[in-house]
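# Architecture at a glance
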Amino acid sequence: MGIRSLIGAVLPIVIFGFSFGLYEVLFPLYMNFLNISLLSMGFAFTVSPLVVTIANVFIGERSDVLGRKIFFSSALLLGGISHLTTSFSSSLVPLTVLKILFDMSVAIKNAVFVPMLFDQDKENFIPVYSKMSGLEFIFQAVGLALSGFLVEFLGYHATFILSGILQIFGFVVFSTLFVERTRNRLTNKSNVLLSPCLG
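Anyway, here's the lowdown on the structure attached to this text. Here the structure is a predicted model, which is why all the values come from computation and not from measurement.

### Thoughts on the packing of aromatic side chains
Under the defined criterion, the tally for this structure stands at 17 aromatic pairs. Plain terms: the ring middles of tyrosine 30 and tyrosine 156 are 5.5 Å apart, the flat faces sit at 45 degrees to each other, and that makes the pair tilted. In this pair, tyrosine 30 is assigned in helix H1 (residues 3–33) and tyrosine 156 in helix H5 (residues 125–177), connecting sequence segments 126 residues apart. The class of tyrosine 30 is buried, set by a relative accessible area of 1%. On the basis of relative accessible area, tyrosine 156 is assigned to the buried category, the value being 15%. A network of ring pairs unites the aromatic residues Phe16, Phe20, Tyr23, Phe27, Tyr30, Phe33, Phe45, Phe102, Tyr156 and Phe160 as a single cluster. Sitting over the ring of phenylalanine 113, lysine 109 keeps its end group 5.9 Å from the ring centre.

### Notes on unusual backbone geometry
A positive phi is found at asparagine 35, a non-glycine position, where the angle reads about 65 degrees. In this fold, asparagine 35 is placed in the loop between H1 and helix H2 (38–66). Taking the relative accessible area as the measure of exposure, asparagine 35 reaches 69% and is therefore exposed.

### Section: the pattern of salt bridges
If you walk through the whole model with that rule in mind, you get two salt bridges. Here lysine 109 makes a salt bridge to glutamate 136, at a shortest N to O gap of 2.5 Å. Within this pair, whereas lysine 109 is found in helix H4 (residues 92–120), its partner glutamate 136 is found in helix H5, the two being separated by 27 residues in sequence. Residue classification places glutamate 136 among the buried positions, given a relative accessible area of 9%.

About the criteria used
- Residues numbered from 1 in each chain as written.
- Predicted model: local features only at pLDDT ≥ 70, side-chain atom pairs only at ≥ 80, totals over all residues.
- Heavy atoms only, no water.
- Phe/Tyr/Trp six-rings, centres within 6.5 Å; stacked < 30°, edge-to-face > 60°.
- Helix = DSSP H or I, 4+ residues; strand = E, 2+ residues; numbered from the N terminus.
- Buried < 20%, exposed > 50% of the residue type's maximum accessible area, 1.4 Å probe, protein only.
- Lys NZ or Arg CZ within 6 Å of the ring centre and 35° of its normal.
- Salt bridge = Lys/Arg side-chain N within 4 Å of Asp/Glu carboxyl O.

Any link to function would need more than the numbers given here.
The following block contains the structure:
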């Protein structure tokens with residue numbers, strides 16, 4: 001993997017980890033801050049994984065055909081939009097929809113991240129994946145640790161906006177710097193086109 005693509009992948013995954021750590025703590029606390037009942041919170045946290053599980057069936061297959069970059073980019077953009085919009089939402093239904101959107105972004109990222117790295121650099125896949133996963137978990141922990149500090153000094157709204165802006169910045173960096181290898185994607189497209197004839 002070239003330096004440009006490496007930077008284009010590392011920075012967004014660090015941002016994603018940080019924002020994920022923030023969101024995991026802040027979202028239920030924000031719902032509690034809005035006086036949303038525990039029963040209603042349970043509804044939001046139950047519906048989201050059900051919807052994401054159904055959608056996740058199609059993500060991996062489509063990324064084989066369309067390429068990983070467009071899906072990873074969409075995960076960053078979707079996460080950024082969901083965080084930005086959360087700061088302006090104050091009732092159960094829109095918050096549930098935004099929870100689904102962010103969980104969808106996480107599912108998309110998880111589905112395409114590993115094959116994307118493998119496609120880019122098969123020979124160095126294991127060390128590159130190990131280091132990048134380690135960075136993601138480290139910054140996820142940083143997000144968890146700083147969540148209370150940020151809410152205390154910035155408030156919920158500004159913290160969600162900050163997280164959303166960071167993810168959109170990650171989207172811009174990834175879309176601009178990351179250069180996807182297309183060899184495997186073209187092969188997969190050919191297989192899809194030929195499968196009816198071969199079947």
